[in-house]
Amino acid sequence: MIAPLEVEVGKPVTFSGYAEDYGKQIVSVQFSLDNGEHWTSYDVSESASELWVHWTFSYTPEKPGFYRLLVRSVNSEGKESPLADVAEFTAA
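Residues numbered from 1 in each chain as written. Predicted model: local features only at pLDDT ≥ 70, side-chain atom pairs only at ≥ 80, totals over all residues. Heavy atoms only, no water.

Brief notes about the overall build of the protein
Thinking step 1. Helix and strand counts for the protein stand at zero helices and seven strands.
Thinking step 2. Ordered by position in the sequence, the α and β elements of the protein form the string β-β-β-β-β-β-β.
Thinking step 3. When each of the 92 residues of the protein is scored for burial, the buried share is 32%.
Thinking step 4. Here the contacts in the protein between residues at least 6 apart in sequence split such that 66% fall between residues at least 24 apart.
Thinking step 5. With the model as given, the accessible surface of the protein reaches about 6000 Å², and the carbon-plus-sulfur share is 50%. (Helix = DSSP H or I, 4+ residues; strand = E, 2+ residues; numbered from the N terminus. Buried < 20%, exposed > 50% of the residue type's maximum accessible area, 1.4 Å probe, protein only. Contact = heavy atoms within 4.5 Å. Areas by Shrake-Rupley, 256 points an atom, 1.4 Å probe, with all protein chains shown as cover.)

See below:
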């Protein structure tokens, strides 16, 4: 879990990290801002199985409030990370 942040409404906030699946190729990194109900996928199928995948995600909060970003990877076998990484932030 990433330490909670305070950000400004209307200004973009960018998160970044690394994904790795112990020798299996990662083909996409997925992001959710609705507690996992919907996921947005980004193709990283050009990645190599022996390397970590660096990802970035930018979001601009339009309303004040608490936000929770979930991040997970999907490997070449179609299996999702069993636990998503979490980044929490408050927009004011």
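Quick look at the layout of surface pockets
Thinking step 1. Looking at the largest pocket, its volume works out to about 270 Å³.
Thinking step 2. Counting residues per element, the ones that place at least two in the lining of the largest pocket are strand 2 (13-19) and strand 6 (65-75).
Thinking step 3. Per-class residue counts for the lining of the largest pocket are eight nonpolar, three polar and six charged. (1 Å grid on protein atoms, 1.4 Å probe; cavity = no way out; pocket = protein on both sides within 12 Å on 5 of 7 lines; lining within 4 Å. Points joined across faces, edges and corners; volume = space filled by probe spheres on them. Nonpolar A, V, L, I, M, F, W, Y, C, P; charged D, E, K, R; others polar.)

Remarks on the environment of V71
Thinking step 1. Among the secondary structure elements, V71 is positioned in strand 6.
Thinking step 2. When the C-alpha positions of V71 and W55 are compared, they lie 9.7 Å apart, and in sequence the two are 16 residues distant.
Thinking step 3. Non-local contacts of V71, meaning those with residues more than four positions away in its chain, are made with V29, Q30, F31, W39, W55, A84 and D85.

Describing the packing of aromatic side chains
Thinking step 1. Under the definition given, this model contains eight aromatic pairs.
Thinking step 2. With a centroid separation of 5.5 Å and an interplanar angle of 65 degrees, the aromatic rings of F31 and Y42 are classed as edge-to-face. Taken together, the residues F31 in strand 3 (residues 26-32) and Y42 in strand 4 (residues 40-43) connect sequence positions 11 residues apart.
Thinking step 3. F31 gets classed as buried once you look at its relative accessible area, which sits at 4%. (Phe/Tyr/Trp six-rings, centres within 6.5 Å; stacked < 30°, edge-to-face > 60°.)

Some remarks on the nonpolar core
Thinking step 1. Core analysis: the largest hydrophobic core is formed by 16 residues, its most contacted members being F15, V29, F31, W55, L69, V71 and F89.
Thinking step 2. Contributing elements (two or more residues each) for this core: strand 2, strand 3, strand 5 (53-59), strand 6 and strand 7 (85-91).
Thinking step 3. Ignoring anything within four residues of it in the chain, the contact list for F15 reads L5, W55, T56, F57, L69, A87 and F89. (Core = buried A, V, L, I, M, F, W, Y, C linked by side-chain atoms within 4.5 Å.)

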